[in-house]
Amino acid sequence: MADYLTVTALTKYLKHKFTADPYLQKVYLTGEVSNFRRRPRHQYFSLKDDGAVINVTMFQGVFNKLPFELEDGMKVNLVGHLDLYEPAGNYSILVEKMEPDGIGALALQYEQLKNKLHAEGLFDQLQRPLPRFPKKIAVITSPSGAVIRDIMTTVKRRYPIVQVYLYPAVVQGTSAVPSLMKQLELVAQSDYDVLIIGRGGGSIEDLWAFNDESLARQLVQMPMPVISSVGHETDTTIADFVADQRAATPTAAAELATPIPIVDLWNGIADLQGRMTNVMARQLQMLRERLARVQSSVVLTEPTRLHEGVSQRLDLANQHLITSLQRQLDSNQHRYALAKQRLYPAMQNHLERNQQRFGRDVNALNLVSPLAVLARGYSVVSNAQKIVSATADVAIDDKVVLRVSDGEISAVITDIRKQK
């Protein structure tokens, strides 16, 4: 009768095979990353080719040390060992080291950072113009390298009056970025006209400090224009992309930061001075000729002719004015005569109509006037208080006044008879 194994026993045997087999302790594998999505701690994804797929486990410590951003679909080479997870019966390769296939990790990291900063627009900023005649230049580089010697030599030859300040920094290795950042902060606190930052040539590892993201962002924020001179002409770093100007060599950087050689500058000034003198001489000659023409003009040689034309124009204008006033006066007199002829008959008619209306109004008033009543033999009797209109208004011996048409008559009441 056959002996049956439990699932657990078989799984333990297989796990022992995985761990005991020397060929599975260090496996070099190449393939395409599949089903990768970043997790908070450990990373789980697949590695595949055209014929098979294998599970991959990358613990947090290994993942954090990757010098590039892992992406789905990326072709990679990895080193690890195989292991079997007993509860699920799945085997996978545990990654110890990984790098991109066909391109170095640093080269890939450089391209990824370059694309990231370009997408943010750091490479598209307007370049700040370099000052024409700088007074103070700051240089961040190694104090013992050829860079500072080349810069000082070039500046002394071209523009010796400018002041150059060296900010010594480590330009290679793990301490390079902190050293460069510290010196950038110090330079930013002063009033320099331009900054030169750089180092000599080397491998991508030697120049790697100038591909740092924090250094690139600090260069963008510097208050003065920045000239980057890193490596040889064929070397290009992130610092070159964010700087205002890129120089292939330290000598070229010093030439960008300074004007033309001072001897050439003086010669140029002398040439400009000569040209300006010639221009001023020509201008002066033209003014002298113009003065001579003015002095010989008829106006100055025969000044009486200056006002002859004016006098003639004044006489003509005076004559035109008198003629115009006379025409206007004649026109007004004619209009006055016509108006006078129409005004008198109108006034006479108006006066006659008013006299007739006045007569009618007087006759109408006479008809209702109390004086007309008195003229017909009536009288108005009054005492001291009021008009007497009834027998009750007076008494015997009262004095009254009788108003008649031509005057007044005083009387005394001797008798009162009241009619029924």
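Residues numbered from 1 in each chain as written. Predicted model: local features only at pLDDT ≥ 70, side-chain atom pairs only at ≥ 80, totals over all residues. Heavy atoms only, no water.

Participant: Go over the overall build of the protein chain with me, naming the residues and quoting the values.
Facilitator: Regarding its fold elements, the protein chain presents twelve helices and 13 strands. At 62 Å, the protein chain has a C-alpha radius of gyration far larger than the 22 Å of a compact globule built from 420 residues. When its C-alpha atoms are laid out on the principal axes, the protein chain stretches across 185 × 110 × 45 Å. Relative to its full complement of 420 residues, the protein chain shows a buried share of 28%. When the accessible area of the protein chain is evaluated, it comes to approximately 28500 Å², of which 56% is carbon and sulfur surface. (Helix = DSSP H or I, 4+ residues; strand = E, 2+ residues; numbered from the N terminus. Rg over C-alpha atoms; globule rule 2.2 N^0.38 Å. Buried < 20%, exposed > 50% of the residue type's maximum accessible area, 1.4 Å probe, protein only. Areas by Shrake-Rupley, 256 points an atom, 1.4 Å probe, with all protein chains shown as cover.)

Participant: Hey, could you go over the pairing of strand β9 (residues 226-230) for me, with residue numbers and the actual values?
Facilitator: Most of β9 sits out of view: five of its five residues are buried. Burial along β9 is two-sided: the residues Val226, Ser228 and Val230 and Ile227 and Ser229 are all buried. In this structure, strand β8 (residues 194-199) lies alongside β9, joined through five bridges in parallel fashion. Along β9, the bridge assignment pairs Gly198 with Ser229. (Pairing = 2+ DSSP bridges.)

Participant: How would you sum up the sheet that holds strand β5 (residues 90-100)? Please name residues and give values.
Facilitator: With respect to topology, five strands assemble into a closed barrel ordered β1-β2-β3-β5-β4, the strand pairing being mixed. Ignoring strand direction, the axes of neighbouring strands in this sheet form an average angle of 55°. Looking at chain direction, strand β4 (residues 75-85) and β5 are connected through ten bridges and run antiparallel. Bridge pairing in β5 links Leu84 to Tyr91. Packing of helix α1 (residues 7-20) onto the sheet brings it into contact with β4 and β5, and relative to β4 it is tilted by some 140°. (Axes fitted to C-alpha atoms, helices over the stretch in contact; angles between N-to-C directions. Contact = heavy atoms within 4.5 Å.)

Participant: Provide a residue-level description of a negative patch on the surface, including the pertinent values.
Facilitator: A cluster of acidic residues, Glu32, Asp49, Asp50 and Asp72, forms a negative patch on the protein surface. Relative to the assigned elements, Asp50 resides in the loop between β2 (43-48) and β3 (53-58). The class of Asp50 is exposed, set by a relative accessible area of 86%. (Patch = residues over 30% accessible without salt bridge, like charges linked within 9 Å, V, L, I, M, F, W, Y side chains within 5 Å. Salt bridge = Lys/Arg side-chain N within 4 Å of Asp/Glu carboxyl O. Lys, Arg positive; Asp, Glu negative; His and termini not counted. Charge placed at Lys NZ, Arg CZ, Asp CG, Glu CD.)

Participant: I'd like a description of helix α8 (residues 250-257), backed by residues and values.
Facilitator: All of the buried residues along α8 are Pro250, Ala253, Ala254 and Ala257. Down the axis of α8, the buried set is contained in an arc of 95°. They therefore lie on one face. Where α8 is buried, its residues meet β6 (136-141), α4 (146-158), β8 and β9. (Arc of directions from axis to C-beta.)

Participant: Which residues make up the environment of Ile197, and what values go with them?
Facilitator: Position of Ile197 among the secondary structure elements: in strand β8. Separated by 120 residues in sequence, Ile197 and Asn77 have C-alpha atoms that sit 36 Å apart. Apart from residues lying up to four places away in sequence, Ile197 is in contact with Ile140, Leu180, Leu184, Phe210, Leu219, Val226, Ile227, Ser228, Ser229 and Val230.

Participant: I'd like to hear about the pattern of salt bridges, residue by residue, with values.
Facilitator: Taken as a whole, this structure holds 13 salt bridges when the rule is applied. Here Lys12 ties to Glu86 by a salt bridge, and the two come within 3.6 Å at their closest N and O atoms. Pair noted here: Lys12 is in helix α1 and Glu86 is in the loop between β4 and β5, with a separation of 74 residues, a long-range link. Looking at Lys12, the relative accessible area reads 49%, which means it is partly exposed. What makes Glu86 partly exposed here is its relative accessible area of 30%. Measuring nitrogen to oxygen at the nearest pair gives 3.0 Å for the salt bridge that ties Glu96 to Lys26. Of this pair, Glu96 sits in strand β5 while Lys26 sits in the loop between α1 and β1 (27-34), and the two are 70 residues apart along the sequence. Here the salt bridges share partners, and the residues they tie into one network are Lys116, Glu120, Glu213 and Arg217.

Participant: A description of helix α5 (residues 176-188) should follow, citing residues and the corresponding values.
Facilitator: Since the α-helix turns once every 3.6 residues, residues separated by three or four places project in the same direction. Its 13 residues place the ends of α5 18 Å apart at the C-alpha level, agreeing with the 18 Å of an ideal helix rising 1.5 Å per residue. For α5, the full list of buried residues reads Ala176, Val177, Ser179, Leu180, Met181, Gln183, Leu184 and Val187. Its buried side turned inward, α5 meets β6, β7 (163-168), β8 and α6 (213-220). (Expected span 1.5 Å × (residues − 1).)

Participant: Which residues make up the nonpolar core, and what values do they have?
Facilitator: Judged by nonpolar contacts, the single largest core of 34 residues is most densely connected at Ile140, Leu180, Val187, Leu195 and Phe210. Counting residues per element, the ones that place at least two in this core are α3 (105-120), β6, α5, β8, α6, β9 and α7 (238-242). The dominant element in this core, judged by the number of residues it contributes, is α5, at six residues. Ignoring sequence-local partners within four residues, the contact set of Val187 consists of Ala138, Ile140, Tyr167, Tyr192, Leu195, Met222 and Met224. Among the nonpolar cores identified, the runner-up in size contains 23 residues, and Phe36, Phe45, Met58 and Val76 belong to it. (Core = buried A, V, L, I, M, F, W, Y, C linked by side-chain atoms within 4.5 Å.)

Participant: Break down the sheet that holds β6 for me, citing the residues and quoting the values.
Facilitator: Strand order across the open sheet formed by five strands is β7-β6-β8-β9-β10, with parallel pairing between neighbours. Taken across any chain shown, the strands that pair with only one partner, and hence form the sheet edges, are β7 and β10 (245-246). Sheet topology note: the β9/β10 ladder contains two bridges and is parallel. Across the sheet, the residue bridging to Ser228 is Arg246, located in β10. Relative to the sheet, α8 contacts β6, β8, β9 and β10, its axis offset from that of β9 by approximately 165°.

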